[in-house]
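# What the coordinates show
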Amino acid sequence: MTLAATWDEPSSVPVDEQATRIQIDRSCRPTVLGYYASAVFWLLFGSVAAIMASVKLHHPEFLSQWDWLTFGRVRPVHLNTMVYGWSSMAGIGTLLWLQARLCKVPLPYRLLLPTTVGVWNVAVAWGVIELLAGNSTGVEWLEFPLSVLVMFGYVLFVLFGVSLKMFRERRVQHTYVSQWYIFGSTVWFPILYGAAVLLPATGLVGGAAWATTNWWYAHNVLGLYITPMGLATAYYLIPKVTGEPIHSYHLSLLGFWTNALFYNWAGTHHLVGGPLPAWIITVGIVGSMMMFIPVTTVAINHHMTMVGHFHLLRTSPTLRFTVFGAMCYTAVSYQGSLEALRSVSQVAHFTHYTVAHAHLGMYAFYTMIMFGAIYYVVPRLTRNEWSSPRLIRVHFWSCAVGIALYFVALSWSGWYQGLMMNDPGVAFMRVVEYTKPYLVARSLSGVLMTMGHVAFAILLFRIMRSRSVHLSGPTLFTTADAEALGEAAHA
Amino acid sequence: MKLAYLLIWGSTVVFGASAVWALVWAIRNGEMRDLSAGALSIFDSDEPAGRPTDAFPERGS
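Attention in this report is confined to the structure presented alongside it. (Residues numbered from 1 in each chain as written. Chains lettered and ligands numbered in written order. Predicted model: local features only at pLDDT ≥ 70, side-chain atom pairs only at ≥ 80, totals over all residues. Heavy atoms only, no water.)

## Comments concerning the overall build of chain B
Here is the rule: Put simply, DSSP H or I for four residues or longer makes a helix, DSSP E for two residues or longer makes a strand, and each gets a number counted from the N terminus. A simple rule labels every residue: compare its accessible area, found with a 1.4 Å probe on the protein chains alone, to the largest value its type can have, and call it buried under 20%, exposed over 50%, or partly exposed in between. To be clear on the numbers: accessible area is Shrake-Rupley with a 1.4 Å probe, and residue cover counts the displayed protein chains and nothing else.
When its secondary structure is counted, chain B shows two helices and zero strands. Out of the 61 residues belonging to chain B, those deemed buried represent 43%. Total accessible area on chain B is roughly 3,300 Å²; 67% of this is exposed by carbon and sulfur atoms.

Have a look at this one:
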């Protein structure tokens, strides 16, 4: 039976599942690889900006002779390249592949989608130039100028359409839990993004209301965009790699729906202590505490699905990165809920403690899961294997040790920094002196993580360039299995 | 300023309402009917439940 015949008569002919997967992977190839390669480029770019910004905190004179490399410009360049360059592009690539796989339909719009890679890259590059030139809007997470934000908006609405089109044409009756999360990123987020970008343009928002819009948006970037992409991936990869269905599918759905209902209310906890009506902040705190419910469901599910399969962490790179990320999701979410409390915020707000928390979320949780996804997806798209297990180990351990050092150094020093700053008897310069060794540790951990990123970039470059191993079946790491599957596909 | 807050909380309520609408759609569409089959929907006959699908290059699974 030919592949075409399989597609023409889905109801009468049993679908060759392997052939379907291969066809879907092939349809995703240019778009998803384009997103991944760009994502890793921005990861390296953002890492360099991160190290520069970090070193400036303990050696302020470093590169200060050029105004375009001063802290106020390099730091937003780091944040925006990591959020819109690396995280968004890795996430979009993964969710397009996931949605195609879960709907069991090839990726549509084969001409349009690869162009969105170009549009997104041009937007990030233009935004970076504007930031380095000193033209930041000054609004955190929305520092890029309006023209750049409009370009992002265009791509987000294309993704909105693509995601719904695949869902409408799906060949599977059931909507898997990952797909619900994908809808969070592709349907809810573009609308929210549009509101956050357009609201200030109406001129209705200024002062404290502007700050409220800002943090309502910035928190929802995490809750309705980044987190769903990370959890959709984890909910697919952990059961898929271990071969063990999710421990409790009931809980996974409860987790999604409670996340959808509560997360959107949590953003104003960023403004605890700010000049806002108390009820607005209290709503944010209540929303944050309600997040205990979805987080607990995810924690139980990810842990219990892994029980009996922890030995696979020794062999599977995908699983090792993904489970590391999933565990950190639990940690960062509980920590985030607690940080919303006024008593905790009184100490932790405006200190390095918050910075450590942000990195536990964006890096230890999300970035590590995206690494895991790329390790799983790319061999299936390129039909090649990763070239070096040693480099994969270098990647994992540099990043894992790097982020652990980062988190411990900044959490510890940040908490004491907060306590000292709340004590009027402690001179400000003493607080600064106290944090300096920890800031040096932060720079070192940045270098470690960057080493991991370089190893990863080498691996990705090699696997995308190599044309030596072509497999007809899905690529598995063990050659024997891959050959057996290849033969099965031809039989 | 009041209008801005109204817009923010208004859209938050609209988001909540759309989540409830999606949940009602899911229940009516039978998404919650057979959850154990739903959990198995990511496995194929050649990548069945019970078999790991990933390993380090030089180590067998």
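## Here's the deal with the interface of chain B and chain A
Convention followed: Contacts are residue-level and defined by heavy atoms, with any inter-residue pair within 4.5 Å sufficient. In what follows, salt bridge is the name for a side-chain nitrogen of Lys or Arg lying within 4 Å of a carboxyl oxygen of Asp or Glu. Throughout, the ten residues Ala, Val, Leu, Ile, Met, Phe, Trp, Tyr, Cys and Pro are labelled nonpolar, Asp, Glu, Lys and Arg are labelled charged, and all others, Gly among them, are labelled polar.
Taken residue by residue, the interface counts 46 residues in chain B and 65 residues in chain A. Seen at the junction of chain B and chain A, the total is five salt bridges. In this structure, D44(B) and R21(A) form a salt bridge, with 2.5 Å as the shortest nitrogen-oxygen distance. Here the element with the most residues in the side of chain B that touches chain A is helix 1 (residues 2-28) of chain B; it accounts for 18 residues. Tallied by class, the residues present in the side of chain B that touches chain A amount to 26 nonpolar, twelve polar and eight charged.

## Here we look at the pattern of salt bridges
Tallying each qualifying case throughout the model produces eight salt bridges over all chains. Salt-bridge contacts for E47(B) lead to R21(A); the nearest nitrogen and oxygen are separated by 3.2 Å. Highlighted residues: E47(B) in the segment after helix 2 (35-39) and R21(A) in helix 2 (residues 17-58), drawn from two different chains. One salt bridge connects K240(A) with E47(B), and the closest N-O pair in it is separated by 2.8 Å. Taken together, the residues span two chains, with K240(A) in helix 7 (residues 207-242) and E47(B) in the segment after helix 2. Both residues of the pair, K240(A) and E47(B), belong to the buried class.

## What about empty space enclosed by the protein?
Filter applied, for reference: Only protein atoms enter the calculation, which uses a 1 Å grid: trapped sets of points that fit a 1.4 Å probe without letting it out are cavities, open sets showing protein on both sides within 12 Å along at least five of seven lines are pockets, and any residue with an atom within 4 Å of a point is a lining residue. Grid points are joined across faces, edges and corners, and a volume is the space filled by probe spheres set on the points.
By the definition in use, this model includes four cavities of 30 Å³ or more. By volume, the largest cavity amounts to about 160 Å³. Lining of the largest cavity is provided by 15 residues; of these, R101(A), K104(A), S41(B), I42(B) and D44(B) occupy positions nearest its centre. The set of elements that each furnish at least two residues to the lining of the largest cavity consists of helix 2, helix 3 (71-103) and helix 7 of chain A. For the lining of the largest cavity, the element with the highest residue contribution is helix 2 of chain A, accounting for four residues.

## Focus: the environment of L222(A)
Residues and elements named next belong to chain A. Structurally, L222 can be placed in helix 7. Residues L222 and G267 lie 45 residues apart in sequence; the distance between their C-alpha atoms is 9.8 Å. Look past the residues within four positions of L222 in its chain and what remains in contact with it is W141, T227, P228, Y263 and M362.

## What to know about the layout of surface pockets
There is about 420 Å³ of room inside the second largest pocket. Around the second largest pocket sit 19 residues that line it, and V187(A), W188(A), S18(B), W21(B) and A22(B) are the ones nearest its centre. Of all the elements in the fold, those that place two or more residues in the lining of the second largest pocket are helix 5 (146-168), helix 6 (177-201) and helix 8 (249-262) of chain A together with helix 1 of chain B. For the lining of the second largest pocket, the element with the highest residue contribution is helix 6 of chain A, accounting for eight residues. Looking at the lining of the second largest pocket, its residues break down into 16 nonpolar, three polar and no charged.

## Looking at the nonpolar core
All names here are of chain A. For clarity, the cut-off: Remark: nonpolar core denotes a set of buried residues (Ala, Val, Leu, Ile, Met, Phe, Trp, Tyr, Cys) joined through side-chain atoms within 4.5 Å.
In this structure, W86, W120, F152 and Y217 are the most contacted members of the largest nonpolar core, which totals 163 residues. Looking at which element gives the most residues to this core, the answer is helix 7, with 19 residues. Those residues in contact with W120 that lie beyond four places of it in its chain are Y84, S88, M89, I92, F152, V155, L156 and Y225.

## Things to note about unusual backbone geometry
Excluding glycine, a negative phi dihedral is what most residues carry, and trans is how most peptide bonds are arranged. For Y109(A), which is not a glycine, the phi torsion comes out positive at approximately 50°. In this structure, Y109(A) sits in the loop between helix 3 and helix 4 (112-132).

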